[in-house]
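Here's the letter readout for the chains.
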Amino acid sequence: METPYHNNSVRLLIYKNMSAPISKKEFIKMLANRMETNEKEASQWLEGTIDTFYDVFHQGRGVTLTGFGGFYLQPKRDSCAFKFNPSQKLRKLLGWSSSHKG
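Residues numbered from 1 in each chain as written. Predicted model: local features only at pLDDT ≥ 70, side-chain atom pairs only at ≥ 80, totals over all residues. Heavy atoms only, no water.

Undergrad: I'm lost on the packing of helix α2 (residues 24-35) against helix α3 (residues 39-58) in this one. Help?
TA: The relative placement of two packed helices is expressed as an angle between their axes plus a distance between the axes. With their axes 8 Å apart at the nearest point, α2 and α3 run at an angle of 110° to one another. The angle between the axes of α2 and α3 places the two elements in the roughly perpendicular class. Contacts between α2 and α3 involve Lys24, Phe27, Ile28, Lys29, Leu31, Ala32 and Met35 on the former and, on the latter, Glu39, Ala42, Ser43, Trp45, Leu46 and Glu47. In terms of residue class, the contact of α2 with α3 is made up of eight nonpolar, one polar and four charged. (Axes fitted to C-alpha atoms, helices over the stretch in contact; angles between N-to-C directions. Helix = DSSP H or I, 4+ residues; strand = E, 2+ residues; numbered from the N terminus. Parallel < 35°, antiparallel > 145°, perpendicular 65-115°, else oblique. Contact = heavy atoms within 4.5 Å. Nonpolar A, V, L, I, M, F, W, Y, C, P; charged D, E, K, R; others polar.)

Undergrad: How do you make sense of the pairing of strand β2 (residues 69-75) when you look at a structure like this?
TA: For a regular strand, side-chain orientation follows a simple rule: the groups alternate between the two sheet faces. Two elements, strand β1 (residues 63-65) and β2, share three bridges in a ladder whose sense is antiparallel. Bridging across to β2, Leu65 finds its partner in Gly69. Here β1 folds back onto β2 in antiparallel fashion, the turn holding three residues, of which Gly67 has a positive phi close to 90°. Two strands pair when backbone bridges link them, and β2 and strand β3 (residues 80-86) are joined in this way by seven bridges, in the antiparallel orientation. (Pairing = 2+ DSSP bridges.)

Undergrad: How do you make sense of the sheet that holds β1 when you look at a structure like this?
TA: The strands making up a sheet associate through backbone hydrogen bonding, with each pair oriented either parallel or antiparallel. Pairing is antiparallel across the open sheet formed by three strands, whose spatial order is β1-β2-β3. Two strands close off the open sheet at either side, each with one partner strand: β1 and β3. Each adjacent strand pair in this sheet contributes to an overall mean axis angle of 20°, direction not counted. Most of the contacts of α3 go to β2, to which it runs at about 40°, and overall it touches β1, β2 and β3.

Printed below as a string of structure tokens:
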């Protein structure tokens, strides 16, 4: 089934808007709407998620969210680099992959 994400004009719109990120407050509004809840509860879920990411990274581990991608820290000489490995679905959305069929 074709989704709007397969459309090249949608892909172009995505690239064009990458330089205009949304604020945390706007993201929380969108999340609350998606979860059919209020902004306070959505904010608590987001803060809990962010805190859990920090806890996992502090343990030296990474996080993989199937369908979205993996987050991890890559050790360097005197520091580390934050890395994100996008899922095939996200790569398809951005036009980076032709193997995702979903």
